[in-house]
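Breakdown of the fold
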Amino acid sequence: MTAIQIHDIGSLLNQMLKGTMFDHFLLREASVSQAFQTDIDGTLSTRFYSEEECRQLGLTGLRFIPFSHVRPFCLNLIKGSRKPDAFRFVFLLSPAHQANTIARSGSSFRTEDVTGMFLNLSYKNDILTCTTGISYRIFSPDKSLEQEWDRLAAVFFRQHHIAIREM
């Protein structure tokens, strides 16, 4: 796990809410505090979509909603002349990207050993930080996958031209 301070908050929010920067992530949860508190539970409601709609939208087998599906709602929630007091987004790497990351990491972990690879964005007191994390199904003293995920998170922000400082 690592913590990254994001200096270019406006650019990140613009790419996150108006672009596709986080579209290969699922939204686990979000919270936005402004004149009132809004909490979003990203758990996918299987009763809302038919099986055919799930197939067409690429939702089959997902536990959480792809961020691309809620991005317009989040944009409407945050946009305006006043910035929020605070917000938090918990992103989960999509299963396909997670499997690819594990395979490319060179670690001994298998796809079924990992339940999630997370990016947690937290904004408060004009400071935006991102912490990384991995949730495992097994115990292992091997930290190679975590180190690779931390490295890839920094690369991800740099590739999107977001100024960061690892803490």
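Below: a short report on this structure. None of the values given here were measured: they were computed from a predicted structure.

By size, the foremost hydrophobic cluster in this structure holds 51 residues, and its most contacted members are Ile-6, Phe-22, Phe-67, Phe-89, Phe-91, Leu-121 and Phe-157. Secondary-structure elements contributing two or more residues to this core are strand 1 (3-6), helix 1 (9-18), strand 2 (25-33), helix 3 (67-78), strand 5 (86-93), strand 6 (114-124), strand 7 (127-136) and helix 5 (144-159). Those residues in contact with Phe-22, other than ones at most four positions away along the chain, are Leu-12, Met-16, Phe-67, Phe-91, Leu-119, Leu-121, Phe-156 and Phe-157.

Packed helix pairs are characterised by how far apart their axes lie and by the angle those axes make with each other. Helix 3 packs onto helix 1 with a crossing angle of 130° between their chain directions and a minimal axis gap of 8 Å. Here helix 1 lies oblique to helix 3, going by the angle between them. Judged by residue contacts, Met-16, Leu-17 and Lys-18 of helix 1 engage Phe-67, Arg-71, Cys-74, Leu-75 and Ile-78 from helix 3. The class makeup of the residues in the contact of helix 1 with helix 3 is six nonpolar, no polar and two charged.

With that settled, consider the packing of aromatic side chains. Both the distance between ring centres and the angle between the ring planes are used here to describe each pair of aromatic rings. Under the definition given, this model contains 13 aromatic pairs. Residues Phe-22 and Phe-156 carry aromatic rings whose centres are separated by 5.4 Å and whose planes lie at 75° to one another, so their mutual orientation is edge-to-face. Placement of the pair is Phe-22 in the loop between helix 1 and strand 2 and Phe-156 in helix 5, with a sequence separation of 134 residues. A network of ring pairs unites the aromatic residues Phe-22, Phe-25, Phe-67, Phe-87, Phe-89, Phe-91, Tyr-123, Phe-156 and Phe-157 as a single cluster.

Calculation criteria
- Residues numbered from 1 in each chain as written.
- Predicted model: local features only at pLDDT ≥ 70, side-chain atom pairs only at ≥ 80, totals over all residues.
- Heavy atoms only, no water.
- Core = buried A, V, L, I, M, F, W, Y, C linked by side-chain atoms within 4.5 Å.
- Buried < 20%, exposed > 50% of the residue type's maximum accessible area, 1.4 Å probe, protein only.
- Helix = DSSP H or I, 4+ residues; strand = E, 2+ residues; numbered from the N terminus.
- Contact = heavy atoms within 4.5 Å.
- Axes fitted to C-alpha atoms, helices over the stretch in contact; angles between N-to-C directions.
- Parallel < 35°, antiparallel > 145°, perpendicular 65-115°, else oblique.
- Nonpolar A, V, L, I, M, F, W, Y, C, P; charged D, E, K, R; others polar.
- Phe/Tyr/Trp six-rings, centres within 6.5 Å; stacked < 30°, edge-to-face > 60°.

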